[in-house]
Amino acid sequence: MCARKNRRDGRAGRAMGGPWSYGISETRREPDGEWHVRTVLASAALKTYRCPGCDQTIPPGVAHLVAWPADRGGPDDRRHWHRACWQARLRRGPRK
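Here we summarise the structure given alongside this text. Predicted, not measured: the structure shown is a model, and the values here were computed from it.

Definitions and cut-offs
- Per chain, residue numbering runs from 1 following the sequence as it is written.
- With the structure being a predicted model, the display of local features is reserved for residues of pLDDT at least 70 and the display and counting of side-chain atom pairs for 80 or more, all residues being used for whole-chain, interface and lining totals.
- To get the side-chain values, all heavy atoms of the structure are used, and hydrogens and water are removed first.
- For the purposes of this entry, the term helix denotes a DSSP run of H or I that reaches at least four residues, the term strand denotes a run of E that reaches at least two, and both are numbered from the N terminus.
- Residues count as neighbours in contact if any of their non-hydrogen atoms are within 4.5 Å of one another.
- The criterion for strand pairing is that DSSP finds at least two bridges linking the strands in question.
- Nine residue types can take part in a nonpolar core, namely buried Ala, Val, Leu, Ile, Met, Phe, Trp, Tyr and Cys, and a core is a set of them joined through side-chain atoms within 4.5 Å.
- Each residue gets one of three labels from its accessible area relative to the maximum for its type: buried under 20%, exposed over 50%, partly exposed in between, using a 1.4 Å probe on protein chains only.
- In this scheme Phe, Tyr and Trp rings, the latter by its six-membered ring, pair at centre separations within 6.5 Å, and the angle between planes marks the pair as stacked below 30 degrees, edge-to-face above 60, and tilted otherwise.

Looking now at the environment of Leu90. Among the structural elements, Leu90 can be located in helix H1 (residues 83-92). Residues Leu90 and Glu30, spaced 60 residues apart in sequence, show a C-alpha to C-alpha distance of 9.8 Å. Not counting residues within four places of it along the chain, the set of residues in contact with Leu90 comprises Pro31 and Asp32.

It is worth spelling out the pairing of strand S2 (residues 24-30) at this point. In this sheet, strand S3 (residues 33-40) lies alongside S2 in antiparallel orientation, the contact comprising 6 bridges. Within S3, the residue paired with Arg29 across the bridge is Glu34. The antiparallel hairpin formed by S2 and S3 contains 2 residues in its connecting segment.

Let's shift gears to the nonpolar core. Among the nonpolar cores identified, the biggest contains 9 residues, and these are Trp35, Val37, Cys51, Ile58, Leu65, Ala67, Trp81, Cys85 and Trp86. Every element with two or more residues in this core is listed here: S3, strand S6 (64-69) and H1. Setting aside residues no more than four positions away along its own chain, Trp81 makes contact with Cys51, Pro52, Gly53, Ile58, His64, Leu65, Ala67, Trp86 and Arg89.

The next thing to look at is the packing of aromatic side chains. Taken as a whole and assessed by the stated rule, the structure comprises 2 aromatic pairs. Centre to centre, the rings of Trp35 and Trp86 are 5.3 Å apart; their planes meet at 85°, and the pair counts as edge-to-face. Of this pair, Trp35 sits in strand S3 while Trp86 sits in helix H1, placing them 51 residues apart in sequence. Pair check on accessibility: Trp35 and Trp86 agree, each one buried.

Right, here's the structure in full:
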């Protein structure tokens, strides 16, 4: 009997490694376009960011998401979002 190999397909996202371990990174097709989305674990959230969805701060130690357009832009276009704000962005739109 052969040992079973667990393989991930590329659509499931991938865990980031190293000392800057952020979490799961994936590309999502959403109604407002295709986005690269990365989960930032609480242990990796070391700085304060401003969420574009609610214009409130995301303090260090709070898990959140980083998203940027897949079809344009680059590192300067990354935005840090509260998870709930990201999910509600199509209903509310950006505050800033």
